[in-house]
Amino acid sequence: MSLQEIYYIAEMLVGVAFIISLVFVAVELRQNTYITRSSLAAARAQQINWLMETFVTDENFREFYYKIEFEKAFDELDKKERHRAVAIGIRLSRPMLNELVAYHDGQISSDEFNALEVNIRRAKNRAFINAAYEYTKAGFSKKVQDHWESLQTVDGYRPRL
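The following paragraphs examine the structure supplied in this document. All residue numbers here refer to positions counted from 1 along the written sequence of the relevant chain. Where totals are concerned, whole chains, interfaces and linings use all residues; where local detail is concerned, this predicted model gives features only for residues with pLDDT of at least 70, and gives and counts side-chain atom pairs only at 80 or more. With hydrogens and water set aside, each side-chain value is computed from the structure's full complement of heavy atoms.

## Structural notes on the overall build of the chain
A run of H or I in DSSP becomes a helix once it reaches four residues, and a run of E becomes a strand once it reaches two; helices and strands are each numbered from the N terminus. A tally of helices and strands in the chain yields six helices and zero strands. When the helices and strands of the chain are placed in sequence order, the string is α-α-α-α-α-α. Throughout, radius of gyration means the C-alpha value; the globule benchmark is 2.2 Å times the number of residues raised to the power 0.38. The globule rule puts the C-alpha radius of gyration for 161 residues at 15 Å, and the 24 Å found for the chain is more than 25% above it. The principal-axis extents of the C-alpha atoms in the chain amount to approximately 90 × 35 × 25 Å. By definition, residues are in contact when any of their heavy atoms lie within 4.5 Å. In the chain, of all internal contacts separated by at least 6 residues, the share reaching a separation of at least 24 is 67%. Here the chain contributes 21 positively and 22 negatively charged side chains, and the mean placements of these two sets differ by 6 Å. Residues counted as positive are Lys and Arg, residues counted as negative are Asp and Glu, and His and the chain ends are not counted. Charge coordinates come from a single atom per side chain, which is NZ of Lys, CZ of Arg, CG of Asp or CD of Glu.

## Some thoughts on helix 4 (residues 110–123)
What a helix is expected to span follows from its residue count: subtract one and scale by 1.5 Å. With 14 residues, helix 4 ought to run about 20 Å at 1.5 Å a step, and its terminal C-alpha atoms sit 20 Å apart, in line with that. Relative accessibility thresholds used throughout: buried, under 20% of the residue-type maximum; exposed, over 50%; partly exposed, between the two (1.4 Å probe, protein chains only). Buried residues of helix 4: Glu-112, Phe-113, Leu-116, Glu-117, Ile-120 and Ala-123, and no others. The arc that holds the buried residues of helix 4, viewed along the axis, is 140°, so those residues lie on one side. Turning to helix 4, the residues buried within the fold contact helix 1 (3–57), helix 3 (79–104), helix 5 (127–136) and helix 6 (142–150). The directions from the helix axis to the C-beta atoms form the arc being described.

## So, the packing of aromatic side chains
For Phe, Tyr and Trp, where Trp contributes only its six-membered ring, two rings pair if their centres lie within 6.5 Å, and the inter-plane angle classes them as stacked under 30 degrees, edge-to-face over 60, or tilted in between. Scanning all chains against the criterion turns up nine aromatic pairs. Their ring planes at 50° and their centres at 5.7 Å tell us that Phe-55 and Phe-61 sit as a pair that is tilted. As far as the burial class goes, Phe-55 and Phe-61 line up, both buried. Where Tyr-66 meets Phe-70, the ring centres are 4.8 Å apart and the plane angle is 40°; that geometry is what we call tilted.

## Topic: helix 5
For helix 5, the set of buried residues is Phe-128, Ile-129, Ala-132, Tyr-133 and Thr-136. Along the long axis of helix 5, the arc covered by the buried residues comes to 145°, so they all point the same way. Buried positions along helix 5 lie against helix 2 (59–71), helix 3, helix 4 and helix 6.

## Looking at the packing of helix 3 against helix 4
Angular values range over 0 to 180 degrees, each being the angle between N-to-C directions of two axes fitted as lines to C-alpha atoms, with helices fitted over their stretch in contact. Where helix 3 meets helix 4, the closest approach of the two axes is 11 Å, and the angle between their N-to-C directions is 145°. The hand of the helix 3/helix 4 crossing is left-handed. Touching Met-96, Glu-99, Leu-100 and Tyr-103 of helix 3 are Phe-113, Leu-116, Asn-119, Ile-120 and Ala-123, all from helix 4. Note on residue classes: Ala, Val, Leu, Ile, Met, Phe, Trp, Tyr, Cys and Pro are nonpolar, Asp, Glu, Lys and Arg are charged, and everything else, Gly too, is polar. Here the residues of the contact of helix 3 with helix 4 are counted per class, giving seven nonpolar, one polar and one charged. By definition, any crossing whose near helix is turned counterclockwise from its far helix by less than a right angle is left-handed, and any crossing with a clockwise turn is right-handed.

The structure is reproduced here in structure tokens:
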């Protein structure tokens, strides 16, 4: 076998190896996207579970949340209550902001994104969420900030208990 024939065989093997490596990268990328989506869904479920469990098990929290949700305007709260309300708002808004980051990175589906936008629109009706957003927005890109700020609130939406 001549050197030129060996060269052509080696070239074919390199071509096949390149195609196999591309397939491998595609599979890894797909798995990474799935893991990211699963992680975001798990974080969303964990947040809801935390909120519901705290409602059920902590009467003080339940009364305070009801107060900031229905009874008092955010500006009427004393300094400690406002700080507590903002802390709750951060706990509720950061996962939504993180999902916006994932959306802009192409890591969540359009169905997940539609649900996220509805949740953000509803959350923006709450003064303590808006105060939390103002506190945390510097940690997110301009694109994420612009997207959050461009969303309109849901008119007349008030959660019912």
